Amino acid sequence: MDANTFVRVNLDYLMRKARLNPSSLSVKTDVPQASIFRIIEGESKDPRTSTLQPLAAFFNVSVSDLRHKDLRSNRYEEVLHLNDQQKLWLALLDDLGSDDIDEFAQAIGLRQERNRKLMKELRGT
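Everything numeric here is computed off the predicted structure, so don't read it as measured data.

A. Just the overall build of the protein, in detail. Per the secondary structure count, the protein includes seven helices and two strands. Beginning at the N terminus, the succession of helices and strands in the protein can be written as α-α-α-α-α-β-β-α-α. When the 125 residues of the protein are sorted by exposure, 30% land in the buried category. Taking all contacts inside the protein whose residues are at least 6 apart in sequence as the whole, residues at least 24 apart take part in 58%. In the structure as shown, the protein presents an accessible area of about 8700 Å², 51% of it carried by carbon and sulfur atoms.

B. Region of the structure containing the packing of helix H2 (residues 22–29) against helix H3 (residues 33–40). Taken N-terminus to C-terminus, the directions of H2 and H3 make an angle of 130°; their axes are 8 Å apart at the nearest point. In terms of axis orientation, H2 runs oblique to H3. Read as a crossing pair, H2 and H3 show a hand that is right-handed. Of H3, the residues touching H2 (which contributes Pro22, Ser23, Leu25, Ser26 and Thr29) are Gln33, Ile36, Phe37 and Ile40. The residue makeup of the contact of H2 with H3, split by class, is five nonpolar, four polar and no charged.

C. Representation of the packing of aromatic side chains within the structure. A full pass over the atoms with the stated rule returns one aromatic pair. Residues Phe58 and Phe59 carry aromatic rings whose centres are separated by 5.0 Å and whose planes lie at 80° to one another, so their mutual orientation is edge-to-face.

D. Summary view of a nonpolar patch on the surface. Together, Trp89, Leu92, Phe104 and Ile108 make up a nonpolar patch on the protein surface, roughly 360 Å² of accessible area in all. Counting only elements with at least two residues in the nonpolar patch, the list comes to helix H6 (84–95) and helix H7 (98–124). Here Ile108 lies in helix H7.

E. Spatial organisation of the packing of H3 against helix H4 (residues 49–59). In the contact formed by H3 and H4, the axes pass within 11 Å of each other and the chain directions differ by 90°. Put simply, H3 runs roughly perpendicular to H4. Across from Ser35, Ile36 and Ile39 in H3, the residues of H4 making contact are Thr51, Leu52 and Leu55. Classifying every residue of the contact of H3 with H4 by side-chain character gives four nonpolar, two polar and no charged.

F. Looking closely at H3. When H3 is considered as a whole, its buried residues turn out to be Ser35, Ile36, Ile39 and Ile40. One side of H3 carries all its buried residues, which in axial view fall inside an arc of 125°. Once H3 finishes, Gly42 follows within two positions and takes phi at roughly 80°, a positive value.

G. Looking closely at H4. Buried within H4 we find Thr49, Thr51, Leu52, Leu55, Ala56 and Phe59. Along the long axis of H4, the arc covered by the buried residues comes to 145°, so they all point the same way. Where H4 terminates, the next one or two residues include Asn60, which has phi positive at roughly 60°.

Cut-offs applied
- Residues numbered from 1 in each chain as written.
- Predicted model: local features only at pLDDT ≥ 70, side-chain atom pairs only at ≥ 80, totals over all residues.
- Heavy atoms only, no water.
- Helix = DSSP H or I, 4+ residues; strand = E, 2+ residues; numbered from the N terminus.
- Buried < 20%, exposed > 50% of the residue type's maximum accessible area, 1.4 Å probe, protein only.
- Contact = heavy atoms within 4.5 Å.
- Areas by Shrake-Rupley, 256 points an atom, 1.4 Å probe, with all protein chains shown as cover.
- Axes fitted to C-alpha atoms, helices over the stretch in contact; angles between N-to-C directions.
- Parallel < 35°, antiparallel > 145°, perpendicular 65-115°, else oblique.
- Left-handed = near helix turned anticlockwise from the far one by under 90°.
- Nonpolar A, V, L, I, M, F, W, Y, C, P; charged D, E, K, R; others polar.
- Phe/Tyr/Trp six-rings, centres within 6.5 Å; stacked < 30°, edge-to-face > 60°.
- Patch = residues over 30% accessible without salt bridge, like charges linked within 9 Å, V, L, I, M, F, W, Y side chains within 5 Å.
- Salt bridge = Lys/Arg side-chain N within 4 Å of Asp/Glu carboxyl O.
- Arc of directions from axis to C-beta.

Structural data, given as structure tokens:
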């Protein structure tokens, strides 16, 4: 299964287990019913982290688990062959919102630019 399939299957499983439909889950999580429906129907190919966070919190699982773990069997499936450091970064990214990721990317870009300038200065001396 790929990450998108995990989200769809896991959300469907958790909703059935809790005896909820998209409408009732929407009321409990403030996630639009249409977004929930698109996820479980497979129409939403890559749901935003900001959409998955309240759903994960409601079901007491992590966003990373929604994306990468078969919650029916409570087993991780290797979507990619990742080392432990890469898995840690992936879990961190799954827990960040898109605003956080943008801010982080900007900070890294500024740091890289500063390092380029320093290297240029060092080479010039």
